[in-house]
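Notes for the structure review
Okay, here's what each chain looks like letter by letter:
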Amino acid sequence: MALEHAILVSLRERSGTGYELARRFDKSIGFFWSASHQQIYRTLKRMVDLGWVTVTEVTQHGRPDKKVYEVGDGGLDELRRWLTQPGEPAAVRMELGLKLRGASFGDTDAVLAEIVSHRDQHAERLDVYRVFEKRDFPDPATLSGQRLHQYLVLRGGIRAEQALLDWCDEVIHAMKRDRR
């Protein structure tokens with residue numbers, strides 16, 4: 001998936017400034033598609049040049065003018081085209097797994113410490129996702145359309161984090177047992 005498509009989805013949900021879009025990536029979209037603020041601004045410029053995104057200058061008193069971006073006709077066409085294209089299955093490419101595989105060639109204690117750290121990070125992210133779920137989707141059975149789709153992405157994140165947490169616990173247990 002290209003950053004352009006993540007931006008199109010976000011702007012289709014709600015138009016906004018580059019700063020607002022970058023904040024969305026920091027707070028929600030970034031949980032499954034990350035981009036730096038610099039990448040977002042560079043990509044927005046390219047998307048404007050392609051006619052995928054329109055920009056409206058908004059005058060502000062006492063502050064610099066701001067640019068509000070929204071999906072244009074060309075962007076809507078591209079989004080629709082992309083949505084019909086088959087995607088690749090998610091690939092498992094995990095540096096931590098590679099380090100674990102090579103742990104016996106180096107410092108297994110350092111690898112174990114990193115796995116413990118990752119475990120804690122996955123637990124924290126899982127907690128955040130569950131707060132989002134409880135706060136934003138208190139009655140999932142009533143959801144439809146865009147809200148249902150957002151909820152289902154969140155559920156995928158919850159399940160992925162739970163699986164990674166469980167895997168880290170399994171690895172920690174096995175590595176500690178192996179030290180005895």
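About the criteria used
In every chain, residue numbers begin from 1 and rise along the written sequence. This being a predicted model, a pLDDT of at least 70 is required before a residue's local features are given, and a value of 80 or more before pairs of side-chain atoms are given or counted; all residues contribute to the totals for chains, interfaces and linings. Computation of side-chain values covers all heavy atoms of the structure but excludes hydrogens and water. Residue ranges labeled as domains rest on an automatic or database domain assignment. Two residues qualify as a contact provided that any one of their heavy atoms is within 4.5 Å of a heavy atom in the partner residue. Note on definitions: buried area is the accessible-area loss of two parts on being combined, 1.4 Å probe, summed for both. The term salt bridge refers to a pairing of a side-chain nitrogen on Lys or Arg with a carboxyl oxygen on Asp or Glu at a separation within 4 Å. Polar contact criterion, stated in full: a pair of N or O atoms within 3.5 Å, where within protein one must be able to donate a hydrogen and the other to accept it, and residues adjacent in sequence count only if both atoms are side-chain atoms. Think of it as three bins: nonpolar holds Ala, Val, Leu, Ile, Met, Phe, Trp, Tyr, Cys and Pro, charged holds Asp, Glu, Lys and Arg, and polar takes everything else, Gly as well. Note on exposure labels: buried denotes an accessible area under 20% of the residue type's maximum, exposed denotes more than 50%, and partly exposed covers the range between, all computed with a 1.4 Å probe on protein chains only. Numbering of helices and strands starts at the N terminus; helices are DSSP runs of H or I of at least 4 residues and strands are runs of E of at least 2.

The name that an unreviewed UniProt entry assigns to the protein chain is PadR family transcriptional regulator, with the source organism given as Herbihabitans rhizosphaerae.

1. Quick notes on the domain arrangement of the protein chain
Taken domain by domain, the protein chain comprises domain 1 (3-84) and domain 2 (95-179). With centres defined by C-alpha atoms, the gap from domain 1 to domain 2 works out at 29 Å. Facing the 4 residues of domain 1 at the interface are 7 residues of domain 2. Of the roughly 400 Å² buried where domain 1 meets domain 2, counting both sides, 64% is carbon and sulfur surface. The largest contributions to the domain 1 side of the interface with domain 2 come from E13, F31 and F32, which together make up 93% of the buried area. Joining domain 1 to domain 2, the criterion identifies 0 salt bridges. Summed over the shared surface of domain 1 and domain 2, the number is 1 residue pair in polar contact (both at pLDDT 80 or more). Of the residues that constitute the side of domain 1 that touches domain 2, the class distribution is 2 nonpolar, no polar and 2 charged.

2. Thoughts on helix α1 (residues 3-13)
Judged by how many residues are buried, α1 sits mostly within the fold: 8 of 11 residues are covered. Within α1 the residues assigned to the buried category are L3, E4, H5, A6, I7, L8, S10 and L11. Those residues of α1 that are buried are in contact with β1 (16-17), α2 (18-27), α3 (37-50), β2 (53-58), β3 (66-71) and α4 (73-84).

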